[in-house]
Amino acid sequence: MSTQTLAPPTEDLPPDNKRVVMGLFRRLWRWLTSMRTALILLFLLAVAAIPGSVLPQRNLNQDKVSQYYVAHPKLAPWLDRLAAFNVFSSPWFSAIYLLLFISLVGCLVPRLRAHAVALLRVPPDAPARLDRMPAHAGGLVLDGAPAAAAQRLHALLKARRFRVRTRARADGSVTVSGEKGHLKESGNLLFHFSLLAILTGVAFGSSYGYHADRLVVEGPDQAFCNTLQQYDDYGLGTRVKPGDLEPFCLQLNRFQARYADTGEPLAYAADVAYTVGDGPERTTRIKVNDPLRLAKARVYLMGHGYAPVIRYTDRYGRTQTTVAPFLARDGLETSEGVAQFPDVNTPPTGRDPDHKQQVAFQGVYVPTANGKDAVSVFPAERNPVLVITPYRGDLGLDTGIPHSVYTLNQDEIASGRLTALTAAPLRLKPGESATLDDGSRVEFVGTRQWAAVTVRYDPGEQVVLAGAVCLLVGLVAMLFGRRRRVWFRVTGDGRASTAEAAALARGEYAGFNAEFEAIVREAGSS
Amino acid sequence: MSGLSVLLLETTILGYALAMLSYAAEYAFGSRGVVARVATGERVLAGAGGPSLVEEPPPAAPAPVHAMAGAVAGRIALGLTVATWFAHVGSVVTRGLAAHRVPWGNMYEFVLAACLVGATAWLVLLARRPTVRPLGLYVTLALVLLLGTDALRLYTKVGPLMPALDSYWLKIHVSAAITASGILLVGFVAAALTLVRIGYEAGKDRFPYSLGDRLPGSDGLERLTFRIHAFAFPIWTFAIICGAVWAEAAWGRYWGWDPKETWSFVAWVLYAGYLHARATPSVKRSVATWIAVIAWVAMMVNLFGVNLVISGLHSYAGVK
Ligand code: HEM
């Protein structure tokens, strides 16, 4: 392949067309990098973010998106095609901020260059007509020859932290120029570059970071390790391979919740034991605002609940125990869930190929019961009751269709392949048991608590934080910095001089007149 | 103690309402000489940023009886605002004492405290620039509306903090958000009145432009609006950054496009847009000022819409 074919198509165009294309491109670029365009894009960015807060978002809550599909079966697929359930990763949202940042780069680079020049340049000489300046004072009488007087003015401005340059003119007059407040433009550039840094940090973090969720029940038998198979849900950055996850294992020793008498939660804490790689086991406490921070990954406490322990003795006398996490459906921890026993009641002689004899218990766990209702009146376990309905039949676990582990497969119940064994649910206190129609027995052994944890690693965080701090510093400098220039022109003979002063401020500066007057007063008495 | 806090809040609402009436009386009697004239006649230094709204004390007004009555009403309004401010402080402090914690753990307390910041910002402004007094009618109106909504709709019994809020970031992040919101409230009033005054000066005489009659000149008002926003914007930025740092500790990510985060972002971008527009020579000042007004709408959606309508992780409003 020759370089000829790689050249941009404009090469082949006649010179005239080339100029047209270049001209068009230049116009486009000028349009894109204008402050007006930046403003429009900023506005678009704000508007584009709104659907993300109004419509359910997959990144926040997949279930709500599903509910939306059920509620609006016609509209939802259309919205989905517009990426309205993934607003913040949608092509149109990305397009807006990418254009904005291209505009930003195009705008900043020339300004950075101009600012560097301005920082190096000495303050410009006084304009010919000082009385044309917004602030002006004339007729200052000073001691000594112009050169000596100018030297004092020079020192005066220096003391006020101006950059100063004194120039002797051919006509015998001396000018003193002072300039101050480059910080404003420095702050402006810092602010805008920080925006770029933040975007870079976000992009870096999402490519090289990961997060994963897991529900851990108390006890050594329920420990997990940081590998993808052990998570309920996870998201890996595009540059992360499964083997890159930090090697650690974690077990929940004890979950503790404290409540006020009204039932409002006061504090949650998870006591955990963990090992990193081949290291020794350590214990620590994870709290809501206080994650476990490992070298890279961090482990956050995101939720909690009760897991009833249920023992089932089948009709052949074989016993199985399961720990079934239940999900709270209200603030007082009335919890719903299901305990399933797929491998029971197989005759000693053979198998149960039709799954006709599988057993499950679905119902509600009430940590503090009050009377007959299956509703909790306090979130801690003061009067715990398990209210469950036994089912027998085909649990439908082999269908290959993923479905919630907190409810039974409703299709199986609807088709009659799975049936309730009692009209009213069983009410069991810890340690109590009940006998079913076929002589099998179910016992409510007690509960363990569980904690929902999120494991997360985001290497872009430091960049984003540094960017945010710089942004704030730049912002303050930009908004409160004041660029201004002050000039004196001193004329006179050998013994006495008169001076004329003027000043110019750029942008909003309320104290400008006061400052100028103070300088003039000081000059008059120097 | 919490009963006292409620009583003080009721006093506060009443006090601001009375102050509002006095401001209105001052309006009606029209002590124009004291306020508006100086402000409109103010000298503007081209390209130099110019002086503040008005720096020198106003010359004495022609003193017919009306103007006297207006001046008295104005002084009463001022006195009432200051006295009510103390009741307002009392309401916030007693609420904190009753709850044994910082008094900004739910939406009711947030609005109560943000209004206190707004009232404080107003008094500071007034002390530094007495000529802004005609804005008092609208500032107190906004306070009465917000505090009234707070007392009637958002009241929540004193309770402990939920575990997610049990962090020193609550003190930093939420107090920054409250401070910014309170100052931006005053900024919004100034922005809206700037638009009224610009319309009035352009010869529009329908309501609400007719209200512009008694307002300071639009140049000065517009600059004041900018100053207030330029002061509050970094605080709002700081609040969002602190929120992100806290979110990292509490939820495991610094930013997740939760509805509260999304609307904070929207408001931030709009306020940035306002400052940006104002620095863009080709954008008219009235257009820029409109952006500030829209940004305040986003702040209100963030406060009321997100807390009461859209639910998210920030579900600490505690309003049942
Ligand atoms: C990415 C989003 C952006 C944000 C959030 C933003 C925000 C701001 C803010 C808050 C100001 C303060 C104005 C003041 O001093 O009062 C400002 C000034 C400025 N911005 Fe941006 N900006 C953005 C993008 C851009 C772009 C793309 C350009 C160039 C096309 C640009 C050029 C400028 C200039 C030249 C100023 C200074 C104006 C002056 O003080 O004379 N900005 N910006």
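Scroll up a little and you will see the structure.
Residues numbered from 1 in each chain as written. Chains lettered and ligands numbered in written order. Predicted model: local features only at pLDDT ≥ 70, side-chain atom pairs only at ≥ 80, totals over all residues. Heavy atoms only, no water.

### Some details on the overall build of chain A
A count of helical and extended segments in chain A gives 12 helices and 22 strands. Relative to a compact globule of 526 residues, whose C-alpha radius of gyration would be 24 Å, chain A shows 37 Å and is clearly more extended. Each principal axis of the C-alpha distribution contributes one length, and for chain A these read about 125 × 70 × 50 Å. Pairs at least 24 residues apart make up 64% of the contacts formed inside chain A by residues separated by at least 6 positions. (Helix = DSSP H or I, 4+ residues; strand = E, 2+ residues; numbered from the N terminus. Rg over C-alpha atoms; globule rule 2.2 N^0.38 Å. Contact = heavy atoms within 4.5 Å.)

### Considering the overall build of chain B
Regarding its fold elements, chain B presents 9 helices and 0 strands. Taken across its 320 residues, chain B has 62% of its residues classed as buried. For chain B, long-range pairs separated by at least 24 residues make up 82% of all intrachain contacts whose partners lie at least 6 apart in sequence. Total accessible area on chain B stands at roughly 12,600 Å², and carbon and sulfur atoms take up 70% of it. (Buried < 20%, exposed > 50% of the residue type's maximum accessible area, 1.4 Å probe, protein only. Areas by Shrake-Rupley, 256 points an atom, 1.4 Å probe, with all protein chains shown as cover.)

### Observations concerning the state of the cysteines
On inspection of all chains with the given rule, the structure shows 1 disulfide over all chains. Disulfide partner of C225 of chain A: C249 of chain A, at an S-S distance of 2.0 Å. Here the S-S torsion is close to 100°, and the disulfide linking C225 of chain A with C249 of chain A is therefore right-handed. Taken together, the positions of C225 of chain A in strand β5 (residues 224–225) and C249 of chain A in strand β7 (residues 248–259) put the pair 24 residues apart, joining distant regions of the chain. For C225 of chain A, a relative accessible area of 24% gives the class partly exposed. No disulfide involves C470 of chain A; its sulfur sits 15 Å from that of C242 of chain B, the nearest cysteine. The exposure class assigned to C470 of chain A is partly exposed, which follows from its relative accessible area of 33%. (Disulfide = S-S within 2.5 Å.)

### Section: the layout of surface pockets
All names here are of chain B. A volume near 520 Å³ is recorded for the second largest pocket. Lining of the second largest pocket is provided by 23 residues; of these, F188, V189, A192, L193 and V196 occupy positions nearest its centre. Those elements giving two or more residues to the lining of the second largest pocket turn out to be α5 (136–153), α6 (168–201) and α9 (285–309). (1 Å grid on protein atoms, 1.4 Å probe; cavity = no way out; pocket = protein on both sides within 12 Å on 5 of 7 lines; lining within 4 Å. Points joined across faces, edges and corners; volume = space filled by probe spheres on them.)

### Focus: the interface of chain A and chain B
Taken together, the contact pairs 55 residues of chain A with 61 residues of chain B. Between chain A and chain B, a total of about 4,500 Å² is buried, with carbon and sulfur atoms accounting for 67% of that surface. A salt bridge links R293 of chain A to E248 of chain B; the shortest N-O distance between them is 2.9 Å. Contributions of two or more residues to the side of chain A that touches chain B are made by α3 (35–49), α9 (183–208), β8 (265–276), β11 (298–313), α11 (461–480), β22 (496–506) and α12 (512–524) of chain A. Per element, the largest residue contribution to the side of chain A that touches chain B is 10 residues, and it comes from α11 of chain A. (Buried area = accessible area lost by both parts, 1.4 Å probe. Salt bridge = Lys/Arg side-chain N within 4 Å of Asp/Glu carboxyl O.)

### Some remarks on the pairing of strand β20 (residues 441–457) of chain A
Residue and element names in this part refer to chain A. Most of β20 is tucked away, with 13 of its 17 residues classed as buried. Sheet topology places strand β4 (residues 210–217) next to β20; 8 bridges connect them, and they run antiparallel. By the bridge assignment, R214 is partnered in β20 with V453. The pairing of β11 with β20 spans 15 bridges and is antiparallel. Counted as the bridge partner of H304 is A451 from β20. Bridge count for strand β19 (residues 433–435) against β20 is 3 bridges, and the pairing is antiparallel. Residue pairing for β20: S433 is matched across the bridge by E443. (Pairing = 2+ DSSP bridges.)

### What about the site of the ligand?
Among the 24 residues in the neighbourhood of the ligand, the closest are listed as C107, R111, N188 and H192 of chain A together with H276 of chain B. In this structure, the ligand is bordered by residues of chains A and B. A distance of 2.8 Å separates a nitrogen atom of the ligand from a polar side-chain atom of H192 of chain A. Interatomic distance of 2.7 Å between a side-chain N/O atom of H276 of chain B and a nitrogen atom of the ligand. Contributing elements (two or more residues each) for the shell around the ligand: α3, α7 (91–120), α9 and α11 of chain A together with α7 (218–251) and α8 (259–279) of chain B. (Near = heavy atom within 4 Å. Polar contact = N/O pair within 3.5 Å; in protein donor to acceptor, adjacent residues only side chain to side chain.)

### So, the sheet that holds β5 of chain A
By definition, the strands of a sheet pair up through backbone hydrogen bonds, in either a parallel or an antiparallel sense. Residues and elements named next belong to chain A. Taking strand neighbours across the sheet as the criterion, the 4 strands line up as β5-β7-β8-β9 in an open arrangement whose pairing is antiparallel. Strands at the two margins of the open sheet, each flanked by one partner only, are β5 and β9 (282–287). Relative to β9, β8 runs antiparallel, the two being bridged by 6 bridges. Residue pairing for β9: V272 is matched across the bridge by T284.

### With respect to α9 of chain A
A rise of 1.5 Å per residue sets the reference length of α9 of chain A, with its 26 residues, at 38 Å; its end C-alpha atoms lie 36 Å apart and thus fit the reference within 8%. Of the positions making up α9 of chain A, those classed as buried are E185, G187, N188, L189, F191, H192, S194, L195, L196, G201, G205 and S207 of chain A. (Expected span 1.5 Å × (residues − 1).)

### A few points about the packing of aromatic side chains
Scanning the entire structure with this criterion turns up 25 aromatic pairs over all chains. Plain terms: the ring middles of W85 of chain B and F86 of chain B are 5.2 Å apart, the flat faces sit at 80° to each other, and that makes the pair edge-to-face. Aromatic side chains F188 of chain B and W296 of chain B sit 5.6 Å apart centroid to centroid with 15° between the ring planes, which places their arrangement in the stacked category. In this pair, F188 of chain B sits in helix α6 while W296 of chain B sits in helix α9, placing the two residues 108 residues apart along the sequence. Judged by relative accessible area, F188 of chain B falls into the partly exposed class, the value being 23%. For W296 of chain B, a relative accessible area of 7% puts it in the buried group. Put simply, the rings of F88, F93 and Y97 of chain A together with W255, W257 and F265 of chain B pair up and form one aromatic cluster. For the cation-ring pair, R81 of chain A lies above W78 of chain A, with the distance from its terminal atom to the ring centre recorded as 4.5 Å. (Phe/Tyr/Trp six-rings, centres within 6.5 Å; stacked < 30°, edge-to-face > 60°. Lys NZ or Arg CZ within 6 Å of the ring centre and 35° of its normal.)

### Topic: α7 of chain A
Residue and element names in this part refer to chain A. In this model α7 runs 43 Å from its N-terminal to its C-terminal C-alpha over 30 residues, within 8% of the 44 Å that 1.5 Å per residue would give. Of all the positions in α7, only F93, S94, I96, L100, F101, S103, L104, G106, C107, L108, H115 and A118 are classed as buried. Buried positions along α7 lie against α2 (15–32), α3 and α9.

### Digging into the pattern of salt bridges
All names here are of chain A. Counted under the stated rule, the structure contains 30 salt bridges over all chains. Measuring nitrogen to oxygen at the nearest pair gives 3.3 Å for the salt bridge that ties R111 to E185. A residue pair is termed long-range when its members are at least 10 positions apart, and R111 in helix α7 and E185 in helix α9 qualify at 74 residues. A relative accessible area of 23% means that R111 is categorised as partly exposed.

### Structural notes on the nonpolar core
The nonpolar side chains of a soluble globular protein tend to be buried with one another. In terms of nonpolar packing, the biggest core is built from 126 residues, with W122, W236 and W268 of chain B touching the most fellow members. Aside from chain neighbours lying at most four places away, what touches W236 of chain B is A177, A180, S264, A267, W268, M299 and N302 of chain B. In terms of nonpolar packing, the next biggest core, distinct from the first, is built from 29 residues, Y210, I286, V288 and V453 of chain A among them. (Core = buried A, V, L, I, M, F, W, Y, C linked by side-chain atoms within 4.5 Å.)

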